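An overview of the molecular structure
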Amino acid sequence: MKLYKSITVATVAVLGMVVSGCSDWLDYEPKDKQTFDQQFSSQTGFHNTVNGIYNTMTGSNMYGYNLSYGAIDIMGLCYKIESSNNSKYELCTAAYTGTYAPTTISSIWSTAYNTILNINVLLKALDEKPGVLLPEDEKMLRGEMLASRAFIHLDLVRLFGPVYAVNPNGLSVPYADAPEVIKRPRLTVDDIIDNHIIPDLTEAQNLLKDVDPVLTEGVLSSDGGEDGNWFRYRQLRMNYYATTLVKARAYLWKADYANALAEARKITDDSNVKSTFPWVDPVKLLANNSNPDRIFSTECLFGYYNSKMSDIFENNFNGSLDVGLVMKPRDGYTDILFPNTADYRRQSQWTGTTAISGGDLDFIKYKSFTTNSENPDFWATFYGLMRKSEAYYIAAECLMNQNDMAGACNYLNEVRVARGAETLDTTSAADLLQTLKLEYLAEMRGEGQIFFLHKRFNQSFATTNAIYNAHEAANRDNPAVSIRYNVPIPSGENY
């Protein structure tokens, strides 16, 4: 079904879906202006709509699977997928026109644009219903939604657009910035980033810096009592710092290193970030046998609530699963990523002894643990999507491109020290770039960023003479880079 026919421009019937995780409201289509007016006549209507949008973003078609540990990581060859697992095998072998892969790709596209169109309905309501919300509430809501719209569009650009280093003038995706259900033209990467994504993010930053409590009170990851939770749990919302990281990502994607560095430094060099999003405490992580924070939640700028985190491990990474279902790394993978056995990521997120085993290991980042089920720790139900270490990696890469190897090394070392890994002492551009790529691979497995890393560098997964490529090649031949990164827009869209 074509984009302009399949997208439902919907508002929420007030059905108490704030905490249910249900996104059925997207199937509800307003029949007339009266429905729109009723929905957005109260603070509750606005808030329920926003929560419905976040719930849809974090459903399985988007960041609850496809754009996190699932499809996009499979496409990035993070796992050794058996041919008996047809749908996953098509994705990891870039058989995008096969039997199963097109369905996955189509679900990402349609759900993403559905969500964007609902964001646009809400933004329209903010324009047409002044005074329903308090001024600070309206600023917060508009800022979060503009940032979310840009966030989703950027991932669509990175997935469906061209490799910028090879074809900077190639068409990417349409930008939907109004609630009309129409077919929009595809835009070039420069056009969509410079004229749409960056302006949305800049406006969001300007709005959020005035009202976001993450700048003054921290993440507020506890119940607000009688005052409610709308301004709390800032890691579960598109807050100011998450918005800033998206902006750094956008600039980096089009190789605008000066602006990417400026945005990244708003995170890396901010004293408030250092205290609000502190590096993981190794004592609480490694000496905790009952409820270790394996995802390093204190460092996450943005993520989502998931009451069944343990299902991620049990249904995907548990080594006891059938060989055709389990998603494992290639044998010896951890040897390459973690030459230092003391690295906190190696110790906490992979099975086996603290010695390098090189065997067939399980990825346990999302494994369940014993905790208080009545009042669990925050990280027990939190899935991190964006973390502050990425800002350090962006800053390091930008400085490398400005020939400041010492500065780049310093940013990488700050993360490595926080991971219990040895520091770097090199000014070699090649060594720094190799370490940077390995850092992404060690840090962001299961978070949907590795495919984008490889696509941005346009590197082949099958190259055997480079350590950061060779270990990604699972036990099979891989198609050419141009095929792997040329993810097709769903055929029904007629582009």
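Residues numbered from 1 in each chain as written. Predicted model: local features only at pLDDT ≥ 70, side-chain atom pairs only at ≥ 80, totals over all residues. Heavy atoms only, no water.

1. As for unusual backbone geometry
- Although it is not a glycine, leucine 77 adopts a positive phi angle of roughly 55 degrees.
- Its location among the elements puts leucine 77 in the loop between helix H4 (71-75) and helix H5 (86-92).
- A relative accessible area of 3% means that leucine 77 is categorised as buried. (Helix = DSSP H or I, 4+ residues; strand = E, 2+ residues; numbered from the N terminus. Buried < 20%, exposed > 50% of the residue type's maximum accessible area, 1.4 Å probe, protein only.)

2. Remarks on the packing of helix H8 (residues 189-211) against helix H9 (residues 240-253)
- Axis separation between H8 and H9 bottoms out at 10 Å; the angle between their running directions is 160 degrees. Put simply, H8 runs roughly antiparallel to H9. For the element pair H8 and H9, the recorded crossing hand is left-handed. Contacts from Val189, Ile193, Ile197, Ile198, Leu201, Thr202, Ala204, Gln205, Leu208 and Lys209 of H8 reach H9 at Tyr240, Thr243, Thr244, Val246, Lys247, Ala250, Tyr251 and Trp253.
- When grouped by side-chain class, the residues that make up the contact of H8 with H9 number 12 nonpolar, four polar and two charged. (Axes fitted to C-alpha atoms, helices over the stretch in contact; angles between N-to-C directions. Parallel < 35°, antiparallel > 145°, perpendicular 65-115°, else oblique. Left-handed = near helix turned anticlockwise from the far one by under 90°. Contact = heavy atoms within 4.5 Å. Nonpolar A, V, L, I, M, F, W, Y, C, P; charged D, E, K, R; others polar.)

3. A few points about helix H19 (residues 450-457)
- Burial analysis of H19 places seven of its eight residues in the buried class, which makes it a mostly covered element.
- Within H19 the residues assigned to the buried category are Ile450, Phe451, Phe452, Leu453, His454, Lys455 and Arg456.
- Count one or two residues on from H19 and you reach asparagine 458, which has phi positive near 55 degrees.

4. A short note on the pairing of strand S2 (residues 382-387)
- Of all the six residues making up S2, six are buried; the element is thus mostly covered by neighbouring parts of the structure.
- The pairing of strand S1 (residues 300-305) with S2 spans five bridges and is classified as antiparallel. From the neighbouring strand, cysteine 300 faces S2, where its bridge partner is arginine 387. (Pairing = 2+ DSSP bridges.)

5. Let's talk about the environment of methionine 386
- With respect to the helices, strands and loops of the structure, methionine 386 is situated in strand S2.
- Classification of methionine 386 as buried rests on a relative accessible area of 1%.
- Between the C-alpha atom of methionine 386 and that of cysteine 300, which follows or precedes it by 86 residues, the distance is 5.7 Å.
- Among residues more than four places away in sequence, those in contact with methionine 386 are Phe151, Ala242, Leu245, Val246, Arg249, Cys300, Leu301 and Phe302.

6. Thoughts on helix H3 (residues 43-57)
- Over its 15 residues, H3 runs 21 Å from end to end, which matches the ideal 21 Å to within 8%, given 1.5 Å per residue.
- The buried count for H3 comes to 13 of 15 residues, which makes it a mostly enclosed element. (Expected span 1.5 Å × (residues − 1).)

7. Overview of the nonpolar core
- Formed by 140 residues in total, the largest nonpolar core has its most connected members in Ile152 and Ile197.
- For this core, the leading source of residues is helix H6 (residues 101-128), giving 14 residues.
- In this structure, isoleucine 152 is in contact with Met57, Met62, Tyr63, Ala112, Thr115, Ile116 and Ile119, ignoring residues within four places of it in sequence. (Core = buried A, V, L, I, M, F, W, Y, C linked by side-chain atoms within 4.5 Å.)

8. Considering the packing of H3 against helix H7 (residues 135-160)
- The interhelical angle for the contact between H3 and H7, taken along N-to-C directions, is 20 degrees, at an axis separation of 12 Å. Judged by the inter-axis angle, H3 sits roughly parallel to H7. Seen along the crossing, H3 lies across H7 with a hand that is left-handed. Here Gln43, Phe46, His47, Val50, Ile53, Tyr54 and Met57 of H3 come into contact with H7, specifically with Asp137, Leu141, Glu144, Met145, Ser148, Phe151 and Ile152.

9. What to know about the packing of aromatic side chains
- On inspection of all chains with the given rule, the structure shows 26 aromatic pairs.
- A centroid spacing of 5.3 Å and a plane angle of 80 degrees characterise the contact between tyrosine 240 and tyrosine 241, whose relative ring orientation is edge-to-face. With respect to class, tyrosine 240 is no different from tyrosine 241; both count as buried.
- Members of the aromatic cluster, each reached through a chain of ring pairs, are Tyr65, Tyr69, Tyr79, Tyr304, Phe317, Trp350, Phe363, Tyr366 and Tyr383.
- Over the face of the ring belonging to tryptophan 230 we find arginine 237, whose NZ or CZ atom lies 4.4 Å from the ring centre.
- In this structure, lysine 437 is placed above the aromatic ring of phenylalanine 457, and the distance from its NZ or CZ to the ring centre is 4.1 Å. (Phe/Tyr/Trp six-rings, centres within 6.5 Å; stacked < 30°, edge-to-face > 60°. Lys NZ or Arg CZ within 6 Å of the ring centre and 35° of its normal.)

10. What to know about the pattern of salt bridges
- This structure, assessed with the given rule, holds 26 salt bridges.
- Of the charged contacts in the structure, one is a salt bridge between aspartate 212 and arginine 234, with a shortest N-O distance of 2.9 Å. In this pair, aspartate 212 sits in the loop between H8 and H9 while arginine 234 sits in the loop between H8 and H9, placing the two residues 22 residues apart along the sequence.
- Owing to a relative accessible area of 2%, aspartate 212 belongs among the buried residues under this scheme.
- A single salt-bridge network, built from bridges that share partners, covers Glu299, Asp343, Arg345, Arg416, Arg419, Glu422, Glu439 and Glu443. (Salt bridge = Lys/Arg side-chain N within 4 Å of Asp/Glu carboxyl O.)

11. Points about the confidence of the model for the chain
- A residue-level look at the chain finds 85% of positions with pLDDT of 70 or above and a mean pLDDT of 85.
- In the model, residues 353-358 has pLDDT below 50 throughout and makes 15 contacts with residues more than four positions away in sequence or in other chains.
- Note that pLDDT drops below 50 for residues 462-477; the model gives that stretch 44 contacts with residues more than four away or on any other chain. (pLDDT = per-residue confidence, 0-100.)

12. Looking at the environment of threonine 56
- Within the element layout of this structure, threonine 56 appears in helix H3.
- Residue class for threonine 56 comes out buried when judged on its relative accessible area of 5%.
- It is 6.9 Å that separates the C-alpha atoms of threonine 56 and threonine 115, two residues lying 59 residues apart in sequence.
- Only 2.9 Å separates the side chain of threonine 56 from the backbone oxygen of glycine 52, close enough to count as a polar contact. (Polar contact = N/O pair within 3.5 Å; in protein donor to acceptor, adjacent residues only side chain to side chain.)

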